[in-house]
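For reference, the chains in residue letters:
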Amino acid sequence: MTNEQLRQIRADFPILTEKIYTKDLIYFDNGATTQKPRCVVERIEEGYYHLNANIHRGVHYLSQKATEAHEAARSTVAEFLHAGKREEIIFTRGTTEAINLVATSFGEAFCKAGDEVIVSVMEHHSNIVPWQMLCERKGMRLRVIPINERGELDLEIYKSLLNEHTKIVSIAHVSNVLGTINPVAEIIRLAHEHNVPVLVDGAQSVPHIPVNVVELDADFYVFSAHKIYGPTGIGVLYGKENLLNAIPPYQGGGEMIQTVTFEKTTYNELPFKFEAGTPDYIGSTALAEALRYVQCIGLDTIAIHEHGLLTYATERLFEIEGMHIIGTAKEKSAVISFLVGTIHPYDIGMLLDKLGIAVRTGHHCAQPLIDSLEIPGTVRVSFAFYNTKGEIDNFIVALKRVVGMLQ
Ligand code: PLP
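Attention here is on the structure that accompanies the text.

Rules behind the numbers
Residues numbered from 1 in each chain as written. Predicted model: local features only at pLDDT ≥ 70, side-chain atom pairs only at ≥ 80, totals over all residues. Heavy atoms only, no water. Pairing = 2+ DSSP bridges. Helix = DSSP H or I, 4+ residues; strand = E, 2+ residues; numbered from the N terminus. Axes fitted to C-alpha atoms, helices over the stretch in contact; angles between N-to-C directions. Buried < 20%, exposed > 50% of the residue type's maximum accessible area, 1.4 Å probe, protein only. Near = heavy atom within 4 Å. Polar contact = N/O pair within 3.5 Å; in protein donor to acceptor, adjacent residues only side chain to side chain. Areas by Shrake-Rupley, 256 points an atom, 1.4 Å probe, with all protein chains shown as cover. Nonpolar A, V, L, I, M, F, W, Y, C, P; charged D, E, K, R; others polar. Phe/Tyr/Trp six-rings, centres within 6.5 Å; stacked < 30°, edge-to-face > 60°. Arc of directions from axis to C-beta. Contact = heavy atoms within 4.5 Å.

### Digging into the sheet that holds strand S5 (residues 116-120)
Logical step 1: Here we have seven strands laid out as an open sheet, ordered S4-S10-S9-S8-S7-S5-S6, and mixed in their pairing. The sheet terminates laterally at strand S4 (89-92) and strand S6 (141-145), the two strands that pair on one side only. Taking the axes of each pair of neighbouring strands and ignoring which way they run, one obtains an average angle of 20° across the sheet.

The following block contains the structure:
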């Protein structure tokens, strides 16, 4: 990416020129949520100003236009993930709701006492708790893949956990704490040898890595719009058609039905069977806009730029005495978790904030991982394509100053 391209991209994100306590904002909390380009916000505005009517039900012009836009957004998402069919794309409220949907509906259809679910130690709470709830409901067991000292999954132990009781594997494509890019194709291949389906949590991968759900042979793949420059409150569940057809609806209500009588209700076909109630039809079109924006820059260009930021920031962080980087996997996304000496991560985060720098501190909703590492949490910087090496230079100056104050 040339400097001129980067300048133009940054100009698309008005928030990047904000001052925080009179300092230039440096936004390094992209793993939590990304900033929104003008085109996404304008799409939302256009939706509410010019295209707003409830979808799928109306015979009138606006309703039809809004329906067309929502369904076109579904096709955009399907193309983005390279899904075989657009009906395999279900709009949810986000990654969390998508995982809850699968844990509930798949659990209802296929799981019983004594069965097992495999997750990994590096999962976000949203890929642990729904499975734990399923295990409690059904009398099942949660099995956990550990990691090595670099923060990579132990595939040998994973292989040994797969057995005739395993009902599903649910795994992050990219860890939100360690940045590890997990070998999901291999994980899926191994599970399929046992006829076990795999859900991939793509919350931290889709903004950074091209994803092809058919090539991966993923059974379910989920992500949140707000982490890929889209709006909050909407996300995606991709599921293989045969699996989505085999599991019951998650919620009941309007839209997901074919016929309703007090004696019996029949359910709508895919994807509507899983979309009870009025969907976020403005959010879906804004998500599609965000995906087009990302594709316009190109995920390959994004990956090269972000990898450059990762390498540069990692090198420069080691200028700081007592620097301990948590997560040094060979395959790593642009996320760096670190600690400095015995300084509490929260103190570093608080003082960086006063200098206009947004980082995340704490357990990052991955408490079991942080506990297993026996640390109080980490400071996490997570980059997006609009971040620059100049911002990293300023961050390093600020961090040196903060560490000096706290030591
Ligand atoms: N999974 C991972 C790996 C995440 O990083 C996150 C959010 O940080 C989630 C799931 C939950 O996403 P959401 O809160 O958008 O549902």
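### Things to note about the pairing of strand S17 (residues 378-382)
Logical step 1: Buried residues dominate S17, accounting for five of its five residues.
Logical step 2: Because side chains alternate across S17, one face comprises the buried residues Thr 378, Arg 380 and Ser 382, and the other comprises Val 379 and Val 381, equally buried.
Logical step 3: By the bridge criterion, four bridges tie strand S14 (residues 335-340) to S17 in an arrangement that is antiparallel. By the bridge assignment, Ser 337 is partnered in S17 with Arg 380.
Logical step 4: Note: strand S16 (residues 360-362) against S17, three bridges, orientation antiparallel.

### So, the site of the ligand
Logical step 1: Around the ligand, the neighbouring residues are Thr 95, Thr 96, His 124, Ser 126, Asn 176, Asp 201, Ala 203, Gln 204, Ser 224, His 226 and Lys 227.
Logical step 2: Between the ligand and Thr 95 there is a distance of 3.5 Å, counted from an oxygen atom to a backbone nitrogen or oxygen.
Logical step 3: Taking 390 Å² as the accessible area of the ligand by itself, protein coverage stands at 85%.
Logical step 4: The residue makeup of the shell around the ligand, split by class, is one nonpolar, eight polar and two charged.

### Some words on the packing of aromatic side chains
Logical step 1: Tallied over the entire structure, the rule returns 13 aromatic pairs.
Logical step 2: Where Phe 106 meets Phe 220, the ring centres are 6.4 Å apart and the plane angle is 85°; that geometry is what we call edge-to-face. Taken together, the residues span a long stretch of sequence, with Phe 106 in helix H4 (residues 95-110) and Phe 220 in strand S9 (residues 220-224) at a distance of 114 residues.
Logical step 3: Given the relative accessible area of 3%, Phe 106 is considered buried.
Logical step 4: Chaining the aromatic ring pairs together yields one cluster made of Phe 13, Tyr 229, Tyr 293, Phe 385 and Tyr 386.

### Some words on helix H5 (residues 129-138)
Logical step 1: Those residues of H5 that sit buried are Pro 130, Trp 131, Leu 134 and Cys 135. One face of H5 carries all of its buried residues, which in axial projection span an arc of 140°.
Logical step 2: Where H5 is buried, its residues touch H4, S5, S6, strand S7 (166-172) and strand S8 (198-201).
Logical step 3: Phi turns positive, to about 75°, at Gly 139, one or two residues after H5.

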